[in-house]
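Spelled out from the first residue to the last, the chains are:
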Amino acid sequence: MHEVNGLNERAMTIRLDAVLPEHPEFVSGIRRAPDRGWTLSRKETELALRNALRYVPEELHEMLAPEFLEELRTRGRIYAYRYRPAGRIWGKPIDAYEGKCLAGKAFQVMIDNNLDFEVALYPYELVTYGETGQVCQNWLQYRLIKKYLEQLTEDTTLVLESGHPLGLFKSHPEAPRVILTNGLFVGLFDSQAEWHRAMQLGVSNYGQMTAGGWMYIGPQGIVHGTYNTLLNAARQRLGVGPKENLAGILFVSSGLGGMSGAQPKAIEIAGGVGIVAEVDASRIETRHSQGWVSRVAESCEEAFALADEALAKRVPLSIAYHGNIVDLLQYAADHGVTIPLLSDQTSCHAPYDGGYCPVGLTFEERTDMLHRDPQEFRRRVDETLRRHYELIKVLTGRGTYFFDYGNSFMRAVFDAGVKEICRNGENTYEGFVWPSYVEDIMGPVLFDYGYGPFRWVCLSGNPEDLRRTDRAAMECIDPDRRAQDYDNWVWIRDAEKNRLVVGTQARILYQDAEGRTKIALKFNEMVRNGEIGPVMLGRDHHDVSGTDSPYRETSNIKDGSNICADMAVQCFAGNAARGMTLCALHNGGGVGIGKAINGGFGMLLDGSERADRILRSAMMWDVLGGVARRAWARCEHAEEVGREVNAKYEGSYHITLPYHVAEELVARAVEGIEER
Ligand SMILES: NC(=O)c1ccc[n+]([C@@H]2O[C@H](COP(=O)([O-])OP(=O)(O)OC[C@H]3O[C@@H](n4cnc5c(N)ncnc54)[C@H](O)[C@@H]3O)[C@@H](O)[C@H]2O)c1
């Protein structure tokens, strides 16, 4: 054993030192992840220890083994807290980092931004957002990744598997500098339960969408998507014109948490009035103090009175109602309040784990019951969900447009025993009676055209660079082309004024294939001319091509292929082949292990001609792959874009388009076949 260790240590020049770091102090007031639950057998626990200790020289094992075991038993996994660098971690200006190439330094900025106290949900546990979405599994990996990034060259590629840096491998300057995957499993084992075991063993990481791909840019990422969703919902259902905003329109929803907290900000930016119910006073306080919600109401009367006043004046206003969404909707139903737009963003992907608060309980009582009597808690969640459903039925019967905002609300109602929420009254194969936001809005109005959450980070950390890129991006958009372009143009025009930056100097801007390419090339030219420092481009995986997720991103795919994951894998492979600087492929982003496959990229703009070459093909591919798949699935607007692309880019792009069969012909063909 000693002999092998000695040999291996001599064989590695990139490794963790034999010096034991000081145990860190935990700053009070920083949110900590809950215990994830240690469920391993004794043998598996031995394996987990062996797995963690293989990162550190043997002379430290005696000391670290009991410490790691304690973490596993009390926190449900080994984070190796001792290896967290002391003090604040944040995305510093790129020049503050060491490295042999710009990409090596750039990714250190991105990683550190994802672990910033200001940005991350549970920074000590390396969780950026989405309850469990981690940058990597533990601080041993964090340190080693940094060492690798410092040694990365333009002739090598760093490969990571679920946060573990497998090593540097010879490649070439036009190859990706980093290829990473997170939480992928062989089909038979592709479940939350297997992931839970693998994560305790230290062999799998849940990267959510952008946490494990180091591309999270704080809450502004979700604000733009919510803004687009609300505007387009109103256009589709309320007759709001292409260049009009939501003045005089009321939106009601729930949740002021990590992502749901974007709702009040988005409704105000869109010019409307919003009431968002939230049971947890501390979250209201956080959002209020950040300026993300303007007013706080302690009663339904007060909330609707404030809303009425703003609606009458047609001025934007966001209101937090401290209480349960079901109480708020009951009030609206009893008092004949008109709610044109209604949604929900409680954490219904995990209602029995505390994501959904039963009516009649305060937030504190809910927390207490969750631990004391989980059975009773479950019963009350189901009861509330059923009541919630009935209230939405009443309101939609009076003209309210309700949509599910990707939180599995309708699935939760179904699980609570309401079969009639399914279109076929039996199971979920044909979807639910109300649409999800992707099915009705984001899919047809944005993704099918290629519009998705393009973003960038100014690596200099200089706000002036962001200002310049905002202006340059705005000049690349023709606001008169489509209503979507106008919305995006307004978004970027007002972005600075709306004070959206948290963490690094970053921006999100929904764009289509051509828009993304044009802006990317413009930015690279600006870097080349010395007008701005280097820029990292990326996107949320919640996009046109990057994600196969049947209840969300691909919920408007109706040819039966919504359960297939070919598109996301092809997107990843195509980006790697074209030389995107970082290519990521994840399991379960947004919805949980086994329910989605999703991938993203990072593209470093260093001003080079090489970057231009890569951008010209990769930015188009990254979007058009998904547009082509959506066109083949008979999504109308994707077919429209497909026809345009085939005409405009003859010789470079050619998309296969479907023939449409007459419905009567199909009906005639199957005549006589019995229903099964
Ligand atoms: N569509 C998307 O793009 C998208 C993006 C992010 C998140 N989501 C989904 O939205 C949900 C919310 O995400 P999050 O990050 O904000 O979660 P979160 O848990 O941080 O926030 C949810 C909030 O809802 C509150 N809440 C729970 N039950 C309530 C009730 N009955 N009445 C009033 N308030 C209640 C909670 O106190 C909590 O603050 C998740 O299911 C997530 O998966 C969708």
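Just so you know, these numbers come straight off a predicted model, no measurement behind them. (Residues numbered from 1 in each chain as written. Predicted model: local features only at pLDDT ≥ 70, side-chain atom pairs only at ≥ 80, totals over all residues. Heavy atoms only, no water.)

J.: Would you mind going over the overall build of the protein chain with me for this structure?
T.: Tallying secondary structure elements over the protein chain gives 22 helices and 17 strands in all. Along the first, second and third principal axes, the C-alpha set of the protein chain runs to 75 × 65 × 60 Å. Classification of the 676 residues of the protein chain by burial places 59% in the buried group. In the protein chain, of all internal contacts separated by at least 6 residues, the share reaching a separation of at least 24 is 70%. (Helix = DSSP H or I, 4+ residues; strand = E, 2+ residues; numbered from the N terminus. Buried < 20%, exposed > 50% of the residue type's maximum accessible area, 1.4 Å probe, protein only. Contact = heavy atoms within 4.5 Å.)

J.: What is the right way to look at unusual backbone geometry in this model?
T.: Backbone phi values are negative for most residues with the exception of glycine, while trans is the configuration of most peptide bonds. The backbone of R499 sits at a positive phi, close to 45 degrees, despite the residue not being glycine. In this structure, R499 sits in the loop between α17 (483–494) and β13 (506–511). Unusually for a residue other than glycine, R634 sits at a positive phi of about 70 degrees. When you line up the elements, R634 lands in the loop between α20 (609–632) and α21 (636–648).

J.: What should I look at first to understand the pattern of salt bridges in this one?
T.: A side chain of one charge can pair with a side chain of the opposite charge when the charged atoms of the two come close. As enumerated under the stated definition, the model contains 49 salt bridges in all. Taking the shortest distance from any N to any O, the salt bridge between R42 and E46 comes out at 4.0 Å. Of this pair, R42 and E46 both sit in helix α2 (residues 42–53), four residues apart, roughly one helical turn. Judged by its relative accessible area of 72%, R42 falls in the exposed class. Its relative accessible area of 35% is what places E46 among the partly exposed residues. A salt bridge links E644 to R482, with the shortest nitrogen-to-oxygen separation between them at 3.8 Å. One end of the pair, E644, is in helix α21; the other, R482, is in the loop between α16 (463–476) and α17, with 162 residues separating them in the sequence. (Salt bridge = Lys/Arg side-chain N within 4 Å of Asp/Glu carboxyl O.)

J.: For this particular structure, what's the right way to read the packing of aromatic side chains?
T.: Describing an aromatic ring pair means giving the distance of the ring centres and the angle of the ring planes. For the structure on display, the rule yields 22 aromatic pairs. Ring centres of F117 and Y124 lie 5.6 Å apart, and the angle between their planes is 55 degrees; on these two criteria the pair is classed as tilted. An aromatic cluster is present here, built from F26, Y79, Y81, F117 and Y124 joined pairwise through their rings. Geometry around W292 places K265 over its ring, the cationic atom sitting 5.4 Å from the centre. (Phe/Tyr/Trp six-rings, centres within 6.5 Å; stacked < 30°, edge-to-face > 60°. Lys NZ or Arg CZ within 6 Å of the ring centre and 35° of its normal.)

J.: How should I be thinking about α16 in this particular structure?
T.: An α-helical segment advances 3.6 residues per turn. Residues three or four places apart therefore align on the same side. With 14 residues, α16 extends 20 Å from end C-alpha to end C-alpha; this agrees with the ideal 20 Å at 1.5 Å per step. Within α16, burial applies to D465, L466, T469, D470, A472, A473 and C476. Here the buried face of α16 lies against β12 (452–458), α17, β13 and α18 (513–528). Where α16 begins, the capping side chain belongs to N462, and its oxygen is found 2.9 Å from the backbone nitrogen of E464. (Expected span 1.5 Å × (residues − 1). Polar contact = N/O pair within 3.5 Å; in protein donor to acceptor, adjacent residues only side chain to side chain.)

J.: Before we go on, may I ask you to explain the site of the ligand in this structure?
T.: Near the ligand, the surroundings consist of 30 residues, among which S260, E278, S347, H349 and Y437 are the closest. A distance of 3.0 Å separates an oxygen atom of the ligand from a polar backbone atom of M259. In this structure, S347 approaches the ligand through a side-chain N or O atom, which is 2.7 Å from an oxygen atom. With the chains in place, 90% of the 850 Å² that the ligand exposes on its own is no longer accessible. Tallied by class, the residues present in the shell around the ligand amount to 11 nonpolar, 15 polar and four charged. (Near = heavy atom within 4 Å. Areas by Shrake-Rupley, 256 points an atom, 1.4 Å probe, with all protein chains shown as cover. Nonpolar A, V, L, I, M, F, W, Y, C, P; charged D, E, K, R; others polar.)

J.: How should the pairing of strand β16 (residues 582–587) be read in this particular structure?
T.: Regular strands place their side chains on alternate faces of the sheet. Along β16, six of the six residues are buried, which leaves the element largely enclosed by surrounding structure. Judged by which residues are buried, β16 turns out to be covered on both faces: L582, A584 and H586 on one side and C583, L585 and N587 on the other are all buried. Pairing of strand β5 (residues 178–182) with β16 involves five bridges; the strand directions are parallel. Bridged to V178 within β16 is L582. Pairing of β16 with strand β17 (residues 597–605), which is carried by six bridges, proceeds in the antiparallel orientation. What sits directly across from H586, in β17, is N598. (Pairing = 2+ DSSP bridges.)

J.: Can you walk me through the state of the cysteines in this structure?
T.: In protein chemistry, a disulfide is the covalent bond that joins the sulfur atoms of two cysteines. One pass over the structure, following the stated rule, counts zero disulfides. C583 provides the cysteine sulfur closest to C136, a residue in no disulfide bond, and the two sulfurs are 19 Å apart. Since its relative accessible area comes to 1%, C136 is described here as buried. Counting only cysteine sulfurs, C635 is the nearest neighbor of C564, a cysteine outside any disulfide, at a range of 14 Å. A relative accessible area of 30% means that C564 is categorised as partly exposed. (Disulfide = S-S within 2.5 Å.)

J.: Help me understand the pairing of strand β7 (residues 273–278) in this model?
T.: Counting buried residues along β7, six of its six residues qualify, which places the element largely inside the surrounding structure. Here β7 shows two buried faces, one formed by V273, I275 and A277 and the other by G274, V276 and E278. Read as a crossover between parallel neighbours, the route from strand β6 (residues 250–254) over helix α8 (residues 262–269) to β7 is right-handed. Looking at chain direction, β7 and strand β9 (residues 317–322) are connected through six bridges and run parallel. Across the sheet, E278 pairs through a bridge with H322, a residue of β9. (Right-handed = clockwise from strand over helix to strand, strands pointing away.)

J.: How should I be thinking about the nonpolar core in this particular structure?
T.: The tendency in soluble globular proteins is for nonpolar side chains to be buried as a group. In this structure, W214, W456, F523 and L537 are the most contacted members of the largest nonpolar core, which totals 146 residues. If one sorts the elements of this core by residue count, α20 sits on top with 10 residues. Not counting the four nearest positions on each side in its chain, L537 is found in contact with M215, F454, R455, W456, A520, F523, F601, G602, M603, L605, L615 and M619. V273, L311, L328 and A332 belong to the second-largest nonpolar core, a separate cluster that totals 51 residues. (Core = buried A, V, L, I, M, F, W, Y, C linked by side-chain atoms within 4.5 Å.)

J.: Teacher, can you tell me more about a nonpolar patch on the surface here?
T.: A contiguous nonpolar patch, built from V661, L665, V666, V670 and I673 and spanning about 420 Å² of accessible area, is present on the exposed surface. With respect to the helices and strands, the residue V666 is situated in helix α22 (residues 663–669). Among the residues examined, V666 registers a relative accessible area of 34% and is labelled partly exposed. (Patch = residues over 30% accessible without salt bridge, like charges linked within 9 Å, V, L, I, M, F, W, Y side chains within 5 Å.)

J.: Which parts of the structure should I look at to understand the side chain of T469?
T.: Within the secondary structure, T469 is located in helix α16. A distance of 2.8 Å separates a polar side-chain atom of T469 from the backbone oxygen of L466.

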